[in-house]
Amino acid sequence: MQARRTRALVLAAGRGERLRPLTLACPKPLLPVAGRPLASWTLARLRAAGVAAAALNLHHLGAAIRAELGAACRGLPLLYSEEPELLGTGGALPPLADFLGAAECALLVNGDSLCRWPFERLLEAHRRRGAAVTLLVHRTAEPRRFGGGVAVEAGRVVAFRPGALAWQSARTRRVFAGAAAIDPRLIARLPAGPSDIVTSLYEPLLEAGIEIAAVETARPWFDLGTPARYLEGALAWALERLPERGAWLAPGARAEPGAKLARAVVESGAVVESGARVVDSLVMPGARVGAGARLSGSILGPGAQVAPGERLERTLRVELGGETLERALDDGAPR
């Protein structure tokens with residue numbers, strides 16, 4: 001199996017409810033990461049791995065995703081699958097059975113994950129082992145942060161849920177890292193309509209004695225599904241090759257003389273005024289930090305402002321329709 005005979009589905013239809021209010025106007029796949037939409041990093045890696053074409057399923061703000069990414073992204077041809085009703089991780093596949101079935105292997109990738117994806121190694125392991133499904137799992141991510149993780153024995157997934165006997169007896173638990181290689185013929189096992197791929201496909205495969213393999217990676221990987229995780233991933237990605245207290249400014253961003261930035265990312269069109277201090281924070285496109293203001297451990301959404309002299313800590317602030325919406329960065333609903 002050559003990578004060129006592989007097609008991919010990037011799961012991009014989610015509502016982004018845990019990221020609200022940020023995702024009320026910006027779908028997760030378009031969240032900026034180091035000057036580019038999140039999805040473009042994944043699509044570029046798929047192209048580099050030799051994947052022939054990719055599909056994205058669309059529901060929440062799908063028109064914005066289609067308009068931004070177009071017919072191709074980073075040289076990778078794109079197909080869009082509209083979901084008037086949200087179909088879930090399993091339900092997204094049957095409408096794309098013909099597209100994915102034209103390839104020898106299908107890659108499924110979570111649209112809210114950020115990673116320097118080892119797709120080539122995942123595909124090679126899948127081919128060599130001959131498993132029905134091969135999951136990418138993370139070697140060092142903490143399972144307790146992600147629902148307990150999956151149970152792995154001798155390179156095989158043996159259980160997906162903490163309540164399962166095999167999960168309790170397994171010596172190793174790993175976090176699913178957002179990518180899987182599958183045999184496209186398995187799509188025929190999924191029901192029409194909404195479904196969850198673990199419940200409707202993976203667990204029945206295990207019950208039938210069909211192997212689901214696991215490939216480990218230690219590459220930096222981020223699930224950007226919450227504001228705190230988005231901030232963590234966006235900072236780590238942009239600052240990876242900078243000094244410990246460095247800052248990254250996108251082309252078109254501006255930090256005025258006297259502004260101080262440490263572990264900060266300032267996206268295009270954003271402004272940090274004189275005397276302001278931005279630490280451990282993300283300033284999104286078009287946002288403004290006023291003179292003498294302090295922004296710490298926070299996300300300032302597109303077009304939002306921190307007033308001159310104001311202090312903002314551990315907060316997500318978004319400007320939407322002339323209204324300022326905020327939430328604590330860790331948890332909580334918008335206020």
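Quick caveat: nothing in here was measured; it's all calculated off a predicted structure.

A. Structural detail: the overall build of the protein. Of the regular secondary structure elements, the protein holds 8 helices and 26 strands. Taken over the C-alpha trace, the protein has a radius of gyration of 21 Å; the compact-globule value for 335 residues is 20 Å, and the two agree within 12%. Oriented by its inertia axes, the alpha-carbon framework of the protein measures out at about 65 × 45 × 35 Å. Per-residue burial over the protein gives 53% buried out of 335 residues. On the protein, roughly 14100 Å² of surface is accessible, and the fraction owed to carbon and sulfur atoms is 50%.

B. Geometry of the side chain of Ser281. Along the chain, the position of Ser281 falls in strand S19 (residues 277–283). Judged by its relative accessible area of 0%, Ser281 is buried. Non-local contacts of Ser281, meaning those with residues more than four positions away in its chain, are made with Leu231, Leu235, Arg263, Ala264, Val265, Leu295, Ser296, Gly297 and Ser298.

C. A look at the packing of aromatic side chains. Counting across every chain of the model gives 4 aromatic pairs. Aromatic pair Phe146 and Trp221: ring centres 5.4 Å apart, planes at 50 degrees, arrangement tilted. Separated by 75 residues along the polypeptide, Phe146 in the loop between strand S9 (133–138) and strand S10 (150–153) and Trp221 in strand S14 (residues 221–223) bring together distant segments of the chain. Residue classification places Phe146 among the partly exposed positions, given a relative accessible area of 22%. Where Phe160 meets Tyr202, the ring centres are 5.6 Å apart and the plane angle is 20 degrees; that geometry is what we call stacked. With Phe160 in the loop between strand S11 (156–159) and helix H6 (165–169) and Tyr202 in helix H7 (residues 197–207), this residue pair connects regions lying 42 residues apart in the sequence. Comparing Phe160 with Tyr202 shows no difference in burial state: the two are buried. In this structure, Arg36 packs its charged tip against the face of Trp41, placed 3.7 Å from the ring centre.

D. Region of interest: the sheet that holds strand S20 (residues 288–289). The strand order across the open sheet built from 4 strands is S16-S18-S20-S23, with neighbouring strands paired in parallel fashion. Each edge of the sheet is formed by a strand with only one pairing partner; in this case those strands are strand S16 (254–255) and strand S23 (305–306). Here S16 pairs with strand S18 (residues 271–272) via 2 bridges, running parallel. Its bridge partner being in S18, Arg254 is matched across the sheet by Val271.

E. Representation of the environment of Tyr230 in the model. Within the secondary structure layout, Tyr230 lies in helix H8 (residues 227–239). Residues Tyr230 and Asp98, 132 residues apart in the sequence, show an inter-C-alpha distance of 34 Å. Those residues in contact with Tyr230, other than ones at most four positions away along the chain, are Leu19, Leu22, Leu31, Pro32, Val33, Leu224, Leu282, Met284 and Ile299.

F. The environment of Thr6, seen in detail. By the element assignment, Thr6 lies in strand S1 (residues 6–11). Between the C-alpha atoms of Thr6 and Ala25, which are 19 residues apart in sequence, the distance is 33 Å. Contacts of Thr6, omitting those with residues within four sequence positions, involve Val51, Ala52, Ala53, Ala103, Cys105, Leu107 and Leu123.

G. Representation of the nonpolar core. Grouped together as the largest cluster of nonpolar side chains are 62 residues, with contacts concentrated most on Leu43, Leu46 and Tyr230. Dropping the residues within four chain positions of it, Leu43 is found in contact with Val10, Ala54, Leu69, Cys73, Leu76 and Leu78. Residues Ala53, Phe99, Val150 and Ala180 belong to the second largest nonpolar core, which totals 31 residues.

H. Main features of unusual backbone geometry. With an omega of 10 degrees, the peptide bond running from Arg20 to Pro21 counts as cis. Mapped onto the elements of the fold, Pro21 is located in the loop between S1 and strand S2 (32–33). A positive phi angle, close to 50 degrees, is found at Asp280, a residue other than glycine. Here Asp280 shows up in strand S19.

The rules we used
- Every chain's residues receive numbers from 1 upward, in the order its sequence appears when written.
- In keeping with the predicted nature of the model, local features appear solely for residues at pLDDT of at least 70, side-chain atom pairs appear and are counted solely at 80 or more, and the whole-chain, interface and lining totals rest on all residues.
- In computing side-chain values, all of the structure's heavy atoms are included and hydrogens and water are not.
- Under the scheme used here, helices are H or I runs from DSSP no shorter than 4 residues and strands are E runs no shorter than 2 residues, and both carry numbers assigned from the N terminus.
- Radius of gyration: over C-alpha atoms. The globule rule applied is 2.2 Å multiplied by the number of residues raised to the 0.38 power.
- Summary of the burial criterion: residues with accessible area below 20% of their type's maximum are buried, those above 50% are exposed, and those between are partly exposed, where the area comes from a 1.4 Å probe applied to protein chains only.
- Under the convention used here, a 1.4 Å probe and the Shrake-Rupley method define accessible areas, while residue burial counts only the protein chains that appear.
- Whether two residues are in contact is decided by their heavy atoms: any pair within 4.5 Å suffices.
- Only Phe, Tyr and Trp rings take part, Trp by its six-membered ring, and two of them pair if their centres are within 6.5 Å. Stacked means planes under 30 degrees apart, edge-to-face means over 60, and tilted covers everything else.
- Whether a charge sits over a ring comes down to the Lys NZ or Arg CZ being within 6 Å of the ring centre and within 35 degrees of the ring normal.
- For two strands to be treated as a pair, DSSP must find no fewer than two bridges joining them.
- Residues enter a nonpolar core if they are buried and are Ala, Val, Leu, Ile, Met, Phe, Trp, Tyr or Cys, with the set joined through side-chain atoms within 4.5 Å.

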